[in-house]
Amino acid sequence: MDIRIGVVNTAKELALELPEDTDGVALKADVEAAVGEGSVLWLTDAKGRTVGVPADKIAYIDIDPGDGIKPFGFS
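None of the values given here were measured: they were computed from a predicted structure.

Caption draft 1: The pattern of salt bridges, seen in detail. Within this structure, the stated rule accounts for three salt bridges. In this structure, R4 and E13 form a salt bridge, with 3.0 Å as the shortest nitrogen-oxygen distance. Notably, a salt bridge pairs R4 with D62, separated by 2.7 Å at the nearest N-O pair. A residue pair is termed long-range when its members are at least 10 positions apart, and R4 in strand β1 (residues 2-7) and D62 in strand β5 (residues 58-64) qualify at 58 residues.

Below, the structure written as structure tokens:
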């Protein structure tokens, strides 16, 4: 599962590859809880690296479930 996080006042987004067994529903709940509390969202990627993002600095979050379907070409 891949996740991209846009951070306020930063041109570059954070991109992490999460372990394949990551529960997407639980991840969304963690994001919503962190943003609601104004705390830090902590994520651990597939390589074991831990990244923290201040919840009040999150502009957007894009979660790709990694189902192998990627759009390509023109629609």
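Caption draft 2: Up close: the environment of A46. Structurally, A46 can be placed in the loop between β3 (40-44) and β4 (50-54). Residues within four places of A46 in sequence aside, it is in contact with E17, L18 and P19.

Caption draft 3: Inspection of the nonpolar core at higher detail. Counting 15 residues, the largest nonpolar core has I3, I5, L27, L41 and L43 as its most contacted members. Residue assignment for this core shows that the elements contributing at least two residues are β1, α1 (24-37), β3 and β4. If we ignore the near neighbours within four places in the chain, the residues touching L27 are M1, I3, L18, L43 and I63.

Caption draft 4: Summary view of a negative patch on the surface. On the surface, D2, E17, E20 and D21 cluster together into a patch of negative charge. Among the secondary structure elements, D2 is positioned in strand β1.

Cut-offs applied
- Residues numbered from 1 in each chain as written.
- Predicted model: local features only at pLDDT ≥ 70, side-chain atom pairs only at ≥ 80, totals over all residues.
- Heavy atoms only, no water.
- Salt bridge = Lys/Arg side-chain N within 4 Å of Asp/Glu carboxyl O.
- Helix = DSSP H or I, 4+ residues; strand = E, 2+ residues; numbered from the N terminus.
- Contact = heavy atoms within 4.5 Å.
- Core = buried A, V, L, I, M, F, W, Y, C linked by side-chain atoms within 4.5 Å.
- Buried < 20%, exposed > 50% of the residue type's maximum accessible area, 1.4 Å probe, protein only.
- Patch = residues over 30% accessible without salt bridge, like charges linked within 9 Å, V, L, I, M, F, W, Y side chains within 5 Å.
- Areas by Shrake-Rupley, 256 points an atom, 1.4 Å probe, with all protein chains shown as cover.
- Lys, Arg positive; Asp, Glu negative; His and termini not counted.
- Charge placed at Lys NZ, Arg CZ, Asp CG, Glu CD.

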